[in-house]
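Below are the chains, spelled out letter by letter.
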Amino acid sequence: MKLAARVSKVTPSLTLAIAAKAKALKADGIDVCSFSAGEPDFDTPAHIKAAAAKALDEGKTKYGPAAGEPKLRDAIARKLKTDNGLDYKSENVIVTNGGKHSLYNLMVALIDPGDEVIIPAPYWLSYPEMVTLVGGIPVIVTTDATTGYKITPEQLRQSITPKTKLFVLNSPSNPTGMVYTPDEIKALAQVVIDADILVVSDEIYEKILYDGAEHISIGSLGKEIFERTLISNGFAKAYSMTGWRLGYLAGPVEIIKAASTIQGHSTSNVCTFAQYGAIAALEGSQDCVEEMRQAFAKRRQVMLDRLNAIPGLSTTKPDGAFYLFPDISKTGLKSLEFCDALLEEHQVAVIPGIAFGTDYNIRLSYATDMATIEKGMDRLEKFVKSRI
Ligand code: PMP
Ligand code: GLU
């Protein structure tokens, strides 16, 4: 059987694969400490589940508009105005099957074969693959710890060519956890405006910030950048709703209409009653978001202290998301070898940096309970000591 050429160029999601492997080992009774998938361990808050259950009971079980329930699109537009200073109406918003699908819809709507999309590395592993799937060219711009894993305005400017269509910005970042400052965002916005390209801002970790870090939405910085901005976001991380598959894309009406047409011929609407849970998430109390953030903040400190006490690892302190990204180069192991051996010998699951475009790091998610963090760090320490 001959598969389409586009498929041969992409690899399966390593984050999902390693997380699934860790879950399968656990199901077999093996005591695995998993820091693999970026998935909050909390249950979805009760009022959100209750709203979805009520919608289900009330018979909200039919097809709905492809772009999403009007009430939810309105609620998202209001949220974008209140939280992010973005002047969108509901026609500027489409509800998608997770943040992942909002980005994929965007690539299908925007990218022609040969179009270039600038992606700073380390990157969330699905960005380049989505671009490749639609025939575009991912242009990877490497960053490192010296700039806090941030792309500089000069680097962005230099990577723009006449074929550049889109720049992918992700702050707070997966996998590094870094957060761009308002001044850094402003400088990047100016490059986007000067080059007259588009930017998609993936803001899925916007609520997960520490030590007074501030999230600023690039599109809020003025009319010229607003017109060139797409916002991708979702409910998975802030409200612990990973399995619900609920996200959204916001931006210029032409692009949102195109995404809606694509969705109308591919997935149709997102699960109707689940969308009522999303309305409750946005319109209900936000205390749950803050409670989870505070729990992440404690875990981050514990994991960071433990990592910093392991000779041979060097870890920067990130301001957002729920990942740490230690440099493992002193062990002499490539990231995949490191992760395979760690899982095999000590039953600790982490993600190799190579999945995110760098072979010198591993990613650990601390969206897991404190006992697992303590136990996993004991094991990691033993492993690293045995290798250096
Ligand atoms: N963007 C980033 C940076 C992510 O880490 C993820 C996955 N957790 C997503 C988008 C997509 O999330 P979801 O599809 O679960 O909403
Ligand atoms: N995005 C999360 C992660 O990076 C979940 C897995 C995925 O969607 O790839 O771990």
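Scope of this entry: the structure provided in the associated data block. Keep in mind the model is a prediction, meaning the values are calculated, not measured.

**Considerations on the pairing of strand β8 (residues 247-250)**
Step number 1: On β8, burial covers both faces: Gly247 and Leu249 on one face and Tyr248 and Ala250 on the other are all buried.
Step number 2: The sheet contact formed by strand β2 (residues 93-96) and β8 spans 4 bridges and is antiparallel. Bridging across to β8, Ile94 finds its partner in Leu249.
Step number 3: The pairing of strand β7 (residues 229-234) with β8 spans 4 bridges and is antiparallel. Bridge pairing links Ser232 to Leu249 in β8.

**Considering the pattern of salt bridges**
Step number 1: Overall, the coordinates contain 25 salt bridges when judged by the stated rule.
Step number 2: Across the pair Lys375 and Asp31 runs a salt bridge, and its minimum N-O distance is 3.0 Å. Remark: Asp31 occurs in the loop between α2 (14-27) and β1 (33-34) and Lys375 occurs in helix α14 (residues 370-387); sequence separation between them is 344 residues.
Step number 3: The exposure class of Lys375 is partly exposed, given its relative accessible area of 36%.
Step number 4: Take Asp31: its relative accessible area is 40%, and that puts it in the partly exposed class.
Step number 5: With a closest N to O distance of 3.7 Å, Asp211 and Lys317 form a salt bridge. Pair noted here: Asp211 is in the loop between β6 (198-202) and α9 (223-226) and Lys317 is in the loop between α12 (287-308) and β9 (323-324), with a separation of 106 residues, a long-range link.
Step number 6: Overall, Lys317 belongs to the partly exposed group, its relative accessible area being 43%.
Step number 7: Taken together, the shared-partner salt bridges connect Arg306, Glu374, Asp378, Glu381 and Lys385 into one network.

**Thoughts on the sheet that holds strand β3 (residues 116-121)**
Step number 1: Taken together, 7 strands build an open sheet; the order of strands is β2-β8-β7-β6-β5-β3-β4 and the sheet is mixed. One side of each edge strand has no neighbouring strand; the edge strands of this open sheet are β2 and β4 (137-142). With direction set aside, neighbouring strand axes in the sheet form an average angle of 20°.
Step number 2: Lying on the sheet, helix α6 (residues 126-133) is in contact with β3, β4, β5 (164-170) and β6; it crosses β4 at an angle near 155°.

**Section: α6**
Think of an α-helix as turning once every 3.6 residues; residues three or four places apart then point the same way.
Step number 1: Among the 8 residues that make up α6, 7 are buried, leaving the element largely enclosed by the rest of the structure.
Step number 2: Of the positions making up α6, those classed as buried are Ser126, Tyr127, Pro128, Glu129, Met130, Val131 and Thr132.
Step number 3: Those residues of α6 hidden inside the fold are in contact with α5 (98-110), β3, β4, β5 and β6.
Step number 4: Just beyond α6, the residue with positive phi is Gly135, at close to 90°.

**Focus on the site of ligand 1**
Step number 1: Neighbouring ligand 1 are 13 residues, the closest being Gly99, Asn174, Asp202, Tyr205 and Lys237.
Step number 2: Within the contact set of ligand 1, an oxygen atom lies 2.7 Å away from a backbone nitrogen or oxygen of Gly99.
Step number 3: The backbone of Lys100 places a nitrogen or oxygen atom 2.9 Å from an oxygen atom of ligand 1.
Step number 4: Among the elements that take part in the shell around ligand 1, α5 stands out by supplying 3 residues, more than any other.
Step number 5: By residue class, the composition of the shell around ligand 1 is 5 nonpolar, 4 polar and 4 charged.

**Structural notes on the sheet that holds strand β11 (residues 351-352)**
Step number 1: Read from one edge to the other, the open sheet built from 3 strands follows the order β9-β12-β11, with strand pairing classed as antiparallel. Only two strands of the sheet have a single neighbouring strand rather than two, namely β9 and β11.
Step number 2: Relative to strand β12 (residues 362-365), β9 is paired through 2 bridges, and the arrangement is antiparallel. Residue pairing in the sheet places Leu324 in a bridge with Leu364 of β12.

**Regarding the nonpolar core**
Step number 1: Residues Phe235, Tyr239 and Leu380 are the most contacted members of the largest nonpolar core, which totals 62 residues.
Step number 2: Considering every element that reaches this core, the biggest residue donor is α12, with 7 residues.
Step number 3: Filtering out sequence-adjacent residues up to four positions away, Phe235 remains in contact with Leu72, Ser240, Met241, Leu246, Gly247, Tyr248, Ala278, Ala281 and Leu282.

**Re the site of ligand 2**
Step number 1: Around ligand 2, a shell composed of Ser13, Thr15, Leu16, Ala37, Gly38, Lys100, Trp124, Leu125, Asn174, Lys237, Tyr323 and Arg363 is seen.
Step number 2: Between ligand 2 and the protein, one listed contact pairs an oxygen atom with a side-chain N or O atom of Thr15 at 2.7 Å.
Step number 3: Within the side chain of Arg363, a nitrogen or oxygen atom sits 2.8 Å from an oxygen atom of ligand 2.
Step number 4: Considering ligand 2 on its own, with 280 Å² of exposed area, one finds that the protein chains cover 89% of that surface.

**Topic: unusual backbone geometry**
Step number 1: A cis geometry characterises the amide bond from Ala121 onward to Pro122, with omega recorded as 0°.
Step number 2: That bond from Asn174 to Pro175 is cis: its omega, 20°, falls within 30 degrees of zero.
Step number 3: On the secondary structure map, Pro175 appears in the loop between β5 and α8 (182-195).
Step number 4: Phi is positive for Gln347, close to 55°, though the residue is something other than glycine.
Step number 5: In this structure, Gln347 sits in the loop between α13 (335-346) and β10 (348-349).
Step number 6: Of the residues examined, Gln347 reaches a relative accessible area of 26% and is grouped as partly exposed.

Definitions and limits used
Note that residues are indexed from 1 along each chain, following the sequence as it is written. Here chains are named by letter from A upward and ligands by number from 1 upward, in the order in which they appear as written. Side-chain atom pairs in this predicted model are given and counted only at pLDDT of 80 or more, local residue features only at pLDDT of at least 70, and totals for whole chains, interfaces and linings cover all residues. Values shown for side chains rest on all heavy atoms present in the structure; no hydrogens or waters enter the calculation. Each residue gets one of three labels from its accessible area relative to the maximum for its type: buried under 20%, exposed over 50%, partly exposed in between, using a 1.4 Å probe on protein chains only. Each helix corresponds to a stretch of at least 4 residues labelled H or I by DSSP, and each strand to a stretch of at least 2 residues labelled E; elements are numbered beginning at the N terminus. Two strands are said to pair when DSSP picks up at least two bridges between them. Put simply, a salt bridge is a Lys or Arg side-chain nitrogen that is within 4 Å of an Asp or Glu carboxyl oxygen. Angles here are taken between N-to-C directions and fall from 0 to 180 degrees, while the axes themselves are lines fitted to C-alpha atoms, restricted in helices to the stretch in contact. Note on contacts: a residue pair qualifies if any of its non-hydrogen atoms lie within 4.5 Å across the two residues. Near, as used in this document, describes a residue that has one of its heavy atoms within 4 Å of the molecule or strand being considered. Counting of polar contacts relies on pairs of N or O atoms within 3.5 Å, with two restrictions inside protein: one atom must be capable of donating a hydrogen and the other of accepting it, and residues adjacent in sequence are counted only when both atoms are side-chain atoms. Under the grouping applied here, Gly and all other residues not named as nonpolar or charged are polar, the nonpolar ones being Ala, Val, Leu, Ile, Met, Phe, Trp, Tyr, Cys and Pro and the charged ones Asp, Glu, Lys and Arg. By nonpolar core we mean a set of buried residues, namely Ala, Val, Leu, Ile, Met, Phe, Trp, Tyr and Cys, connected to one another through side-chain atoms within 4.5 Å. With residues, only the protein chains shown are counted as cover, and all accessible areas are computed by Shrake-Rupley using a 1.4 Å probe.

Read these as spatial facts, not as claims about activity.
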